[in-house]
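Fold and contact review
As a plain string of letters, each chain reads:
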Amino acid sequence: MPESWGRSLQAVLERNEADLLDVVVDAISVLTEAKPGELFADRLQGVVDDAALSPAVRLKAFVSLPPAERRIDDARLKFLCEQLHVDRSVNTRALAVDVLVTSPLADGQLVSVADAVAVTGPMELKRLLEPFAKSRDPEVGRRLVAALLQSPVATSLTPDDVKQTLAAYGDEVSASAQPLIERIVQENREKYDRLEAILELVPSADVRRGHQIFRGSKAACSTCHAMGYLGGRVGS
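Residues numbered from 1 in each chain as written. Predicted model: local features only at pLDDT ≥ 70, side-chain atom pairs only at ≥ 80, totals over all residues. Heavy atoms only, no water.

Points about the side chain of Thr 92
- Following the sequence through the fold, Thr 92 ends up in helix α6 (residues 90-102).
- A distance of 2.9 Å separates polar atoms of two side chains, one belonging to Thr 92 and the other to Ser 89.
- Apart from residues lying up to four places away in sequence, Thr 92 is in contact with Pro 55, Leu 59 and Gln 83. (Helix = DSSP H or I, 4+ residues; strand = E, 2+ residues; numbered from the N terminus. Polar contact = N/O pair within 3.5 Å; in protein donor to acceptor, adjacent residues only side chain to side chain. Contact = heavy atoms within 4.5 Å.)

If you want it as structure tokens, here you go:
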């Protein structure tokens, strides 16, 4: 990055203008390839902890820091877990997941993340399992299974997702997830039956109404999915 660019971005960071921070943090992340160096790192740490800023800006500052420099203490972990809730925006949840799955977490911290698994959305759930597959602590495994059994979106996982994540926790923990695996299998059967019923209706379907629903704000399908050149990239 040219030195003049760095000085300009640093100046905006120091002014702490909320309406510009979002753009500046994005620019720093891209231009430094998430290796901000001393020039920006200290100020980004301040952005992470500034409760007056939007969660999205704070999370972007988190992502901009190298994993080893994120200093995830109790307060920061609590903030991250709060952003996983399904009531948060898709973008906010995705940023929180990005931080958690790329940061070194101790087993005690994974217990806190496990509790948040119960209230997150289906798109975040599978990625959140990644750090759990690296742990061997039975208590972490038990808390994760308890959260998955409570989660209304746990059936978005496959039986293999669950089995592979829990494999290292031992037979007792794996066996405790059997009710979840059975629920996943049953719901998949029901989804298949519903899809078969829907396919029978295709010849009489209203394509224009389908487009309206897809692009409408109520179902918000196009937020994640694409039809032609319109929509997001998830599941396109």
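Observations concerning the pattern of salt bridges
- Counted according to the given criterion, the structure contains 8 salt bridges.
- In this structure, Asp 161 engages Lys 126 in a salt bridge whose closest nitrogen and oxygen atoms are separated by 3.6 Å. With a gap of 35 residues between them, Asp 161 in helix α10 (residues 159-166) and Lys 126 in helix α8 (residues 122-132) connect regions that are remote in the sequence.
- For the salt bridge of Glu 139 with Arg 143, the shortest nitrogen-to-oxygen distance reads 3.8 Å. Pair noted here: Glu 139 and Arg 143 are both in helix α9 (residues 138-150), with a separation of 4 residues, about one helical turn.
- In this structure, a network of salt bridges that share partners links the residues Asp 115, Glu 139, Arg 142 and Arg 143. (Salt bridge = Lys/Arg side-chain N within 4 Å of Asp/Glu carboxyl O.)

Some details on the packing of aromatic side chains
- In total, this model carries 0 aromatic pairs according to the counting rule given.
- The cationic tip of Arg 58 hangs over the ring face of Phe 79; the distance from NZ or CZ to the ring centre is 3.9 Å. (Phe/Tyr/Trp six-rings, centres within 6.5 Å; stacked < 30°, edge-to-face > 60°. Lys NZ or Arg CZ within 6 Å of the ring centre and 35° of its normal.)

Overview of a negative patch on the surface
- A surface patch of negative charge is lined by Glu 190, Asp 193, Glu 196 and Glu 200.
- Topologically, Glu 196 is positioned in helix α12 (residues 178-199).
- By relative accessible area, which is 36% here, Glu 196 ends up partly exposed. (Patch = residues over 30% accessible without salt bridge, like charges linked within 9 Å, V, L, I, M, F, W, Y side chains within 5 Å. Areas by Shrake-Rupley, 256 points an atom, 1.4 Å probe, with all protein chains shown as cover. Lys, Arg positive; Asp, Glu negative; His and termini not counted. Charge placed at Lys NZ, Arg CZ, Asp CG, Glu CD. Buried < 20%, exposed > 50% of the residue type's maximum accessible area, 1.4 Å probe, protein only.)

Overview of helix α7 (residues 107-117)
- Regarding α7, the residues found buried are Gln 109, Leu 110, Val 111, Val 113, Ala 114, Ala 116 and Val 117.
- Residues of α7 that are buried in the fold lie against α5 (74-82), α6, α8 and α9.

Comments concerning the packing of α7 against α9
- At a minimum axis distance of 8 Å, the contact between α7 and α9 shows a crossing angle of 10°. With respect to α9, the axis of α7 lies roughly parallel. Across from Asp 107, Leu 110, Val 111, Ala 114, Asp 115 and Val 117 in α7, the residues of α9 making contact are Val 140, Arg 143, Leu 144, Ala 147 and Leu 148.
- Residues belonging to the contact of α7 with α9 are distributed by class as follows: 8 nonpolar, no polar and 3 charged. (Axes fitted to C-alpha atoms, helices over the stretch in contact; angles between N-to-C directions. Parallel < 35°, antiparallel > 145°, perpendicular 65-115°, else oblique. Nonpolar A, V, L, I, M, F, W, Y, C, P; charged D, E, K, R; others polar.)

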